[in-house]
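Chain by chain, the residues run as shown.
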Amino acid sequence: MEQEVKYINIKDLALWTENPRDPIDANASDQDIVDRALDDGLLKWTLSKLAKEMGDYYDFSELPTVVYHGKKPVVYDGNRRIILGKIKHGMVTVPSETRIRIPDFPEEIPCNVCSKKIALNNVLRKHGDTGSWQPLERDIFLHKFMGQEKSPFLILEEDTDIISENSHLNQRFVKEEIFREDILKALGFTFQKGRLNSVHLDEESYLILNDIAKKIGDKEISTRKNRGKIIEVLEPASQQLIDQNKNNKSHLSKIKFGSKKEVKKPLRQSKRTPKSNTEFFGGKLYLRIGEVSNLYRDIVDLYQFYLSKKHELSQTFPGLIRMSLRLLCETAAKEDNNKKFENYLKGHFPTAKKTLDKDIKTTLSNHNVNENSIVQLLHTGAHNYQSSNNIEQTIAMSIIIGSILTISHGKKETI
């Protein structure tokens, strides 16, 4: 029989390491997956939200889809629910500060046990077009599990890492209207034998693609602004490269975003009015004397060291800065009427955000820094996951943290 309902104890169910929502190393344990789901820096799991939606009890009508790998039952669909069950019954460990109200949850639950083929079809039907997967995850699933050819969007990511290094590009609008085959061809990029080719030198290819990523991140290209206009919105230097190289013979492109070898030498560009970089913590803070002020000044020095040495440091160094921000907030919370870490941040967040200008608020939004995500983003920094090395997001976090510190620890003006 290809499908049957079978009762299985939660402790025997294995979480799927290849879950398209957030794939992990094939040798990862259930605990590794739970740790990742709890950190949830990119809000892919949202366990607290699911627990709230489940109500007061576990609904038996929602069956997990399970495939036996030998004697091991692996959960192909329903991993978030099984994680909640494992937490409820103490089958995995969670940080002491974790606060998830999990409904009544039986230890043995009915599961839809089926063949791998049926399980994959069920997973695709339930998640492929509902928005629960991002475009890149969907394309990976279709190629890896459903035998479809790699999409241009997937090839571009595999050959350059541009999407994983710029998470704001992983959206349907970008895939369907910007990083599609005809638009990329107009920019000088083609696909041959599943690889990215370019008419530009590697340094030039990086410049053009990075320009596009920045324009999307800054909302200069969006569903509401400059829609359908790609080349026209790019910097003059990028436009010039596209025009002067259009008749060149294409070759295999060898660029990697996030790599120290991205650009071998700087390209000469037209002069433009220089833009001021966003300052860490949003600028200088004037805090009252104490441990919080000392930590703040140390972190500023750490960030300045990073700026001066970033071409020599490893890509994981920004994770140290993210970790230091968490330490700073924990220390500030203790001094602010000994509040809990989460209560300190969420309690001051709305007032702090009101003090920021429109551009800074947009920056926070672009990097998914909000009242609901700030705590998990800081937790991520304690575990050295890839997302904690996103320096742009860390800078955005520092700005709202700086505003919060000013409220709780700022010097009082004297008359």
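Look up: the structure comes first, before these words.
This write-up is about the structure you can find in this document. Sequence order as written defines the numbering, with residues in each chain counted from 1. Local features in this predicted model are restricted to residues whose pLDDT is 70 or higher, and side-chain atom pairs enter the listing and the counts only when it is 80 or higher, whereas totals over whole chains, interfaces and linings include all residues. Based on all heavy atoms of the structure, the side-chain values leave hydrogens and waters out of the count.

**Details of the overall build of the protein**
Each helix is a run of DSSP H or I of at least 4 residues and each strand a run of E of at least 2, with the numbering of both proceeding from the N terminus. Of regular secondary structure, the protein possesses 17 helices and eight strands. Taken over C-alpha atoms, the radius of gyration is set against a globule rule of 2.2 Å times the number of residues to the power 0.38. For 415 residues, the compact-globule estimate of 2.2 N^0.38 gives 22 Å, and the C-alpha radius of gyration of the protein, at 24 Å, lies within 12% of that figure. Long-range pairs, those at least 24 residues apart, make up 70% of the contacts in the protein with a sequence separation of at least 6. As presented, the protein carries roughly 22900 Å² of accessible surface, and 47% of it is formed by carbon and sulfur atoms. Mean positive and mean negative side-chain charge positions of the protein (64 and 57 charges, respectively) differ by 3 Å. Note on contacts: a residue pair is in contact if any heavy atoms of the two residues lie within 4.5 Å. A 1.4 Å probe and the Shrake-Rupley method give the accessible areas. Residues count as covered only by the protein chains that appear here. Lys and Arg are tallied as positive, Asp and Glu as negative. Neither His nor the chain termini are counted. Where a charge lies is defined by one atom per residue type: Lys uses NZ, Arg uses CZ, Asp uses CG and Glu uses CD.

**Digging into the pairing of strand β7 (residues 195-198)**
Two elements, strand β6 (residues 189-192) and β7, share four bridges in a ladder whose sense is antiparallel. Of the residues in β7, the one forming a bridge with Phe191 is Leu196. Here the rule is simple: two strands pair whenever DSSP picks up at least two bridges between them. Between the antiparallel neighbours β6 and β7 lie two residues, among them Lys193 with a positive phi of about 55°. As paired strands, β7 and strand β8 (residues 251-252) are joined by two bridges and run antiparallel to one another. Directly across from Asn197, in β8, lies its bridge partner Leu252.

**What about helix α1 (residues 30-39)?**
Within α1, burial applies to Ile33, Val34, Ala37, Leu38 and Asp39. As for α1, its buried residues are in contact with β2 (14-15), α2 (47-54), α3 (79-88) and α16 (374-380). Just past α1, the residue Asp40 takes up positive phi, approximately 45°. Only protein chains enter the accessibility calculation, which uses a 1.4 Å probe; a residue is then buried when its area is under 20% of its type maximum, exposed when over 50%, and partly exposed in between.

**Looking at the packing of aromatic side chains**
Here the aromatic set is Phe, Tyr and Trp, taking the six-membered ring for Trp, and pairing holds for ring centres within 6.5 Å; pairs whose planes are under 30 degrees apart are stacked, those over 60 apart are edge-to-face, and all others are tilted. Under the defined criterion, the tally for this structure stands at 14 aromatic pairs. Aromatic side chains Phe280 and Tyr303 sit 4.4 Å apart centroid to centroid with 20° between the ring planes, which places their arrangement in the stacked category. Taken together, the residues Phe280 in the loop between β8 and α12 (291-309) and Tyr303 in helix α12 connect sequence positions 23 residues apart. Looking at Phe280, the relative accessible area reads 8%, which means it is buried.

**Let's talk about the sheet that holds β6**
Pairing in this open sheet of three strands is antiparallel, and the strands run β6-β7-β8 from one edge to the other. The sheet is open, and its two edges are formed by β6 and β8, each paired on a single side. Across the sheet, helix α6 (residues 152-160) is in contact with β6 and β7; its angle to β7 comes to roughly 80°. Every axis in this analysis is a line fitted to C-alpha atoms, fitted for helices over the stretch in contact. Angles between the N-to-C directions lie between 0 and 180 degrees. Set on the sheet, helix α10 (residues 202-217) makes contact with β6, β7 and β8; between it and β6 the angle comes to about 110°.

**What about the environment of Glu157?**
Its location among the elements puts Glu157 in helix α6. According to the relative accessible area criterion, Glu157 is buried, its value standing at 9%. The spatial distance from the C-alpha of Glu157 to the C-alpha of Phe257 is 9.6 Å, given a sequence separation of 100 residues. What Glu157 contacts, discounting residues up to four positions off in sequence, is Leu136, Ile162, Ile163 and Ser164.

**So, the nonpolar core**
Residues belong to one nonpolar core when they are buried, are Ala, Val, Leu, Ile, Met, Phe, Trp, Tyr or Cys, and are joined through side-chain atoms within 4.5 Å. Core analysis: the biggest nonpolar cluster contains 40 residues, and Phe281, Leu345, Ile374, Leu378, Ile400, Ile401 and Leu405 have the highest contact counts within it. Where this core is concerned, the elements lending two or more residues are α12, α13 (318-335), α14 (341-354), α15 (358-366), α16 and α17 (391-409). Looking at which element gives the most residues to this core, the answer is α17, with nine residues. When neighbours within four sequence positions are excluded, Ile401 is seen to be in contact with Phe281, Leu325, Leu328, Cys329 and Leu378.

**Some remarks on the pairing of strand β3 (residues 65-69)**
Residues in a regular strand project their side chains so that they alternate between the two faces of the sheet. Looking at chain direction, β3 and strand β4 (residues 72-77) are connected through five bridges and run antiparallel. Counted as the bridge partner of Thr65 is Asp77 from β4. What sits between β3 and β4 in their antiparallel hairpin is a turn of two residues, with Gly70 showing a positive phi close to 70°. Judged from the two bridges that link them, β3 and strand β5 (residues 108-114) form a sheet pairing that is parallel. Counterpart to Thr65 in the pairing with β5 is Asn112.

**Re the sheet that holds strand β1 (residues 3-9)**
In a beta sheet, neighbouring strands pair by backbone hydrogen bonds and run either parallel or antiparallel. Sheet architecture is open: five strands sit in the order β1-β5-β3-β4-β2, paired in mixed fashion. Edge strands, defined here as strands with exactly one partner in the open sheet, are β1 and β2. Pairing of β1 with β5, which is carried by seven bridges, proceeds in the antiparallel orientation. Among the inter-strand pairings, Gln3 is bridged to a residue of β5, identified as Cys114. Against the sheet, helix α4 (residues 116-127) makes contact with β1, β3, β4 and β5, and its axis sits at roughly 25° relative to β4, the strand it touches most.

**Concerning the layout of surface pockets**
Where empty space is left can be seen by rolling a probe of water-molecule size over the atoms. Whether a set of points on the 1 Å grid over the protein atoms alone is a cavity depends on a 1.4 Å probe fitting there but being unable to get out, while an open set qualifies as a pocket with protein on both sides within 12 Å along at least five of seven lines; lining residues are those with an atom within 4 Å of a point. Grid points are joined across faces, edges and corners, and a volume is the space filled by probe spheres set on the points. In this structure, the second largest pocket occupies an estimated 800 Å³ of space. Within the residue set of the lining of the second largest pocket, elements represented by two or more residues are α1, α2, α14 and α16. Counting residues per element, the lining of the second largest pocket draws most heavily on α1, which supplies four residues. Amino acid classes used here: Ala, Val, Leu, Ile, Met, Phe, Trp, Tyr, Cys and Pro are nonpolar; Asp, Glu, Lys and Arg are charged; the rest, including Gly, are polar. By residue class, the composition of the lining of the second largest pocket is seven nonpolar, eight polar and eleven charged.

**A word on the side chain of Lys86**
With respect to the helices and strands, the residue Lys86 is situated in helix α3. Within the local environment of Lys86, its side chain forms a polar contact with the side chain of Asp30, the two groups lying 3.3 Å apart. If we skip the residues at most four places from it in the chain, Lys86 touches Ile10, Lys11, Leu13, Leu15, Asp30, Met91 and Val92. Here a polar contact is recorded for every N or O atom pair within 3.5 Å, except that within protein the pair must consist of a potential hydrogen donor and a potential acceptor, and residues adjacent in sequence are included only if both atoms are side-chain atoms.

**A look at the environment of Gln393**
Of note, Gln393 is situated in helix α17. A residue is classified by how much of its surface remains accessible, and Gln393, at 5% relative accessible area, is buried. Counting along the chain gives 168 residues from Gln393 to Lys225, while the straight-line C-alpha distance between them is 23 Å.

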